[in-house]
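Take a look at the letters that make up each chain.
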Amino acid sequence: MTQGWNGTFSQSGQNVAVANMDYNGSVAVNGTANPGFNASWSGSNPLPTNFAVNGNACNGSTSPTPTPTTVPPTPTPGTTPTPIPPTPTPTPGTTPTPTPTTTPTPPGTHVDNPYAGAQGYINPDWASEVTTAATAKGGTLGAQMAKVANNSTAVWLDRIAAVTGGTGVTRTLSGHLDAAVAQASSSSQPVVITIVIYDLPDRDCSAYASNGELSVANNGLALYKSQYIDPIASILSQSKYSNLRISAIIEPDSLPNLVTNLSVPKCAEANSSGAYVQGIQYALNKLHAISNVYNYIDISHSGWLGWSSNFQPAVTLITNVIKGTSAGVNSVDGFISDTANYTPTTEPFMTANQQVGGNPVRSANFYQWNQYIDEATYDTDMRNAFIAAGFPSGIGMLIDTSRNGWGGPNRPSGASSSTDLNTFVNATKIDQRLDRGNWCNQAAGIGARPTANPAPGFDAYVWIKPPGESDGTSDKTQTTPDPEGKQFDAMCDPTGNSRYNSAVKTGALPNAPDAGHWFEAEFEILVQNAYPSF
Ligand code: BGC
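The rules we used
- Residues numbered from 1 in each chain as written.
- Predicted model: local features only at pLDDT ≥ 70, side-chain atom pairs only at ≥ 80, totals over all residues.
- Heavy atoms only, no water.
- Near = heavy atom within 4 Å.
- Polar contact = N/O pair within 3.5 Å; in protein donor to acceptor, adjacent residues only side chain to side chain.
- Areas by Shrake-Rupley, 256 points an atom, 1.4 Å probe, with all protein chains shown as cover.
- Nonpolar A, V, L, I, M, F, W, Y, C, P; charged D, E, K, R; others polar.
- Core = buried A, V, L, I, M, F, W, Y, C linked by side-chain atoms within 4.5 Å.
- Buried < 20%, exposed > 50% of the residue type's maximum accessible area, 1.4 Å probe, protein only.
- Helix = DSSP H or I, 4+ residues; strand = E, 2+ residues; numbered from the N terminus.
- Contact = heavy atoms within 4.5 Å.
- Axes fitted to C-alpha atoms, helices over the stretch in contact; angles between N-to-C directions.
- Parallel < 35°, antiparallel > 145°, perpendicular 65-115°, else oblique.
- Left-handed = near helix turned anticlockwise from the far one by under 90°.
- Salt bridge = Lys/Arg side-chain N within 4 Å of Asp/Glu carboxyl O.
- Disulfide = S-S within 2.5 Å.
- Expected span 1.5 Å × (residues − 1).
- UniProt positions renumbered as here; feature names shortened; annotations may be inferred.
- Pairing = 2+ DSSP bridges.

K.L.:
Could you clarify how one ought to interpret the site of the ligand in this entry?
P.N.:
Lining the immediate environment of the ligand, one finds Trp-156, Asp-158, Tyr-198, Ser-210, Lys-465, Pro-466, Glu-469, Lys-486, Ala-515 and Gly-516. The separation between an oxygen atom of the ligand and a polar side-chain atom of Ser-210 is 2.6 Å. When the ligand sits alone it has 310 Å² of accessible area, and the protein chains cover 94% of it. The class makeup of the residues in the shell around the ligand is 4 nonpolar, 2 polar and 4 charged.

Printed below as a string of structure tokens:
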């Protein structure tokens, strides 16, 4: 045997055995893993008489002899042999790769929508947490949980160590990019990897759960530039990554906090010091200079900026920040909403302005006169507002649908017949939160799978918050920053009331670990309430 790909090979005499790589160990029904190897042999080469995986015969129909892809898969870096291997003979029974009818875009070209025609990166570390939990659970739920691992999730660069390495970091940025390159080698499509830029000084300024390591008072902006953004930019610009499409989600919640939370001292400091604005402009300048990087700016979600008193100020602030970069409006490719939140993409059984008992739905207690009851309408209007403010019409929206599905037994199947507005809304909405402001560890459900071009103006539905990772600790004693900078936030206290609406509880699940850490109990609920279900 001279070479193998997409598997770990071992040879004993004439027998070659293959085991999975960490990214292709779980194969969906009708899915592919595409391992292969080249070997030399002195005799004839008859086709195998049987073909089995883990002892199970593969009985699929035999396809016509597939046309091999003209470019052999690029082997995993580090295992690349110098000579270009012969074109691998495809395994009979695999589906032939269709011959493209249009001229393919050269790899690495900056395209309009990085998600279109691309395969999403599977984070092997998150996938393995999911798979381990699924195996331990077993049964029907375990089988459903296992399927979640096949979905692409974002890589959060939530501290300097996540970029360059350090305690508690399983895989650095380069490690993820190397794994993405390896995944690309088994795909006829380019791989899109989504990273989250999330380390501004005074991060998460209006809450505590995701406070970060840098502060304005301790030279945070300079450190953000030199210790965080510069290393990211230098890694991303390496030529070995130039065929990846790298989508960067820029600083969730930061500019939205400057729109609505300046009465909170830390947000006021983040604003008056210029740290958020200058940090984001610096990040955009550095990242936009790399042609295979795509920038998406966070616009929170409809339940935060949807009121007209917030909407236009947000558009104005965000527009001015972006126009202040070297490339101006061209330094971004679009915007993202619902990052790590739970607001549904649509409320399928009602509209914001529908009249019930003589009043619009949006005037119900749950919506408090917000202009928007879902992300789809909010994003569409945001996109139009940005285009009106000078952005190119090619900008596309993303929605984080990782936890906004709201399925499960409590999901309504149609509109209520009540003519009492609040009764109607409470019985009709799929969003089962007690209040739209509840953001910590909700008993929600996984939503739409990552999908490119889901609707006009939308680049993709993406999974930014990896399902199963906590929003914040429920440990009330954690009142000082831990090594990651995180603390207990009262919105994560299951026994407490919401700080945005004292009439209701937080809805947070109990026994939650630190933000970003694996929270198995929540993961199980997210899978049970998934919509579409698994
Ligand atoms: C946390 C990050 C984490 C991310 C994804 C955020 O709330 O602050 O540390 O990486 O969620 O789980």
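There's plenty left to go through after this.
K.L.:
Looking at this model, I keep getting lost on the nonpolar core. Mind explaining?
P.N.:
One broad trend across soluble globular proteins is that nonpolar side chains are buried collectively. Grouped together as the largest cluster of nonpolar side chains are 64 residues, with contacts concentrated most on Leu-157, Ile-195, Ile-197, Leu-236 and Phe-335. Take this core: its biggest share by element is 7 residues, from helix α5 (residues 220-236). Excluding residues that lie within four positions of it along the chain, Phe-335 makes contacts with Tyr-296, Ile-297, Ile-299, Ile-318, Ile-322, Phe-386, Phe-391, Ile-395, Gly-396, Met-397 and Leu-398. Judged by nonpolar contacts, the second largest core, of 22 residues, contains Ala-127, Phe-523, Leu-526 and Ala-530.

K.L.:
Help me understand the side chain of Thr-319 in this model?
P.N.:
Mapped onto the elements, Thr-319 comes out in helix α10 (residues 308-323). Once residues within four sequence positions are removed from consideration, Thr-319 is found in contact with Phe-386, Ala-389 and Phe-391.

K.L.:
Teacher, can you tell me more about the packing of α10 against helix α11 (residues 375-388) here?
P.N.:
Geometrically, a packed helix pair is captured by the angle between its two axes and the distance between the axes. At a closest axis distance of 10 Å, the pairing of α10 and α11 adopts a crossing angle of 50°. Classified by the interaxial angle, the pair formed by α10 and α11 is oblique. Crossing of α10 over α11 shows right-handed handedness. Note on element contacts: α11 touches α10 through Tyr-378, Asp-381, Met-382, Ala-385 and Phe-386, opposite Phe-311, Ala-314, Val-315, Ile-318 and Thr-319. When grouped by side-chain class, the residues that make up the contact of α10 with α11 number 8 nonpolar, 1 polar and 1 charged.

K.L.:
Where do I start with the pattern of salt bridges in this structure?
P.N.:
When their charged atoms lie close together, side chains carrying opposite charge are able to pair. The final tally for this structure, using the stated rule, is 14 salt bridges. One salt bridge connects Asp-125 with Arg-171, and the closest N-O pair in it is separated by 2.9 Å. Taken together, the residues span a long stretch of sequence, with Asp-125 in helix α1 (residues 124-137) and Arg-171 in the loop between α3 (160-164) and α4 (173-185) at a distance of 46 residues. Here Lys-137 makes a salt bridge to Glu-524, at a shortest N to O gap of 3.3 Å. In this pair, Lys-137 sits in helix α1 while Glu-524 sits in helix α13 (residues 520-528), placing the two residues 387 residues apart along the sequence. Looking at Lys-137, the relative accessible area reads 39%, which means it is partly exposed. What emerges from the salt-bridge pattern is a single network uniting Asp-158, Arg-159, Glu-484 and Lys-486.

K.L.:
Hey, could you run me through unusual backbone geometry in this one?
P.N.:
Among all residues except glycine, the phi angle is most often negative; among peptide bonds, the trans geometry is most common. Residue Pro-532 follows Tyr-531 across a cis peptide bond; omega there is -5°. By the secondary structure assignment, Pro-532 is in the segment after α13. Of note, Asp-253 is a non-glycine position whose phi angle comes to about 70°, a positive value. Residue position: Asp-253 is located in the loop between β10 (245-250) and α6 (254-260).

K.L.:
I tried to follow the state of the cysteines on my own but got confused; where do I start?
P.N.:
Covalent bonding between the sulfur atoms of two cysteines is what defines a disulfide. Within this structure, the stated rule accounts for 2 disulfides. Across the disulfide from Cys-205 sits Cys-267; the S-S distance is 2.0 Å. Taking the torsion about the sulfur-sulfur bond, which here is approximately 95°, the covalent link between Cys-205 and Cys-267 counts as right-handed. A residue pair is termed long-range when its members are at least 10 positions apart, and Cys-205 in the loop between β9 (191-197) and α5 and Cys-267 in helix α7 (residues 265-272) qualify at 62 residues. The two residues Cys-205 and Cys-267 agree in class, both being buried.

K.L.:
Help me understand the environment of Thr-316 in this model?
P.N.:
Residue position: Thr-316 is located in helix α10. Taking C-alpha positions, Thr-316 is 9.8 Å from Val-259, a pair spaced 57 residues apart along the chain.

K.L.:
In this structure, what is going on with the environment of Ser-254? I would like to understand it.
P.N.:
Within the secondary structure, Ser-254 sits in helix α6. The class for Ser-254 is buried, based on a relative accessible area of 4%. Taking the C-alpha atoms as reference points, Ser-254 and Tyr-276, separated by 22 residues in sequence, lie 6.8 Å from one another. Filtering out sequence-adjacent residues up to four positions away, Ser-254 remains in contact with Leu-200, Tyr-276 and Ile-280.

K.L.:
Please clarify how helix α8 (residues 275-288) should be interpreted in this entry.
P.N.:
Think of an α-helix as 3.6 residues a turn; residues three or four steps apart then line up on the same face. Helix length check: α8 (14 residues) gives 19 Å between terminal C-alpha atoms against 20 Å at 1.5 Å per residue, within 8%. Of the positions making up α8, those classed as buried are Ala-275, Tyr-276, Gly-279, Ile-280, Gln-281, Ala-283, Leu-284 and Leu-287.

K.L.:
Would you explain the UniProt feature "binding site: substrate" (unreviewed entry) in the chain in this entry?
P.N.:
UniProt's feature table lists "binding site: substrate" (unreviewed entry) at Trp-156, Asp-158, His-301, Trp-304, Asn-341, Trp-439, Lys-465 and Glu-469, given in the numbering used throughout. With respect to the helices and strands, Asn-341 occurs in the loop between β12 (334-337) and β13 (355-356). A relative accessible area of 8% means that Asn-341 is categorised as buried. Those residues in contact with Asn-341, other than ones at most four positions away along the chain, are His-301, Arg-403, Arg-433 and Trp-439. Those residues in contact with Lys-465, other than ones at most four positions away along the chain, are Trp-156, Ala-340, Asp-400, Ser-402, Arg-403, Ser-470, Asp-471 and Gly-516.

K.L.:
Could you clarify how one ought to interpret the pairing of strand β16 (residues 451-455) in this entry?
P.N.:
Regular strands place side chains that alternate from one sheet face to the opposite one. Note that β16 and strand β17 (residues 458-462) share 3 bridges and pair antiparallel. Opposite Ala-455, over in β17, you have Phe-458 as the bridge partner. Between β16 and β17, which pair antiparallel in sequence order, lie 2 residues; one of them, Gly-457, sits at a positive phi of approximately 85°.

K.L.:
I would appreciate a short explanation of the packing of α5 against α8 in the present structure.
P.N.:
Where α5 meets α8, the closest approach of the two axes is 10 Å, and the angle between their N-to-C directions is 20°. Taken as axis vectors, α5 and α8 run roughly parallel relative to one another. In this structure, the crossing between α5 and α8 has a hand that is right-handed. Mapping the contact onto sequence places Leu-221, Tyr-224, Lys-225, Ile-229, Asp-230, Ile-232, Ala-233 and Leu-236 in α5 and Ala-275, Gln-278, Gly-279, Tyr-282, Ala-283, Lys-286 and Leu-287 in α8. The residue inventory of the contact of α5 with α8, partitioned by class, reads 10 nonpolar, 2 polar and 3 charged.

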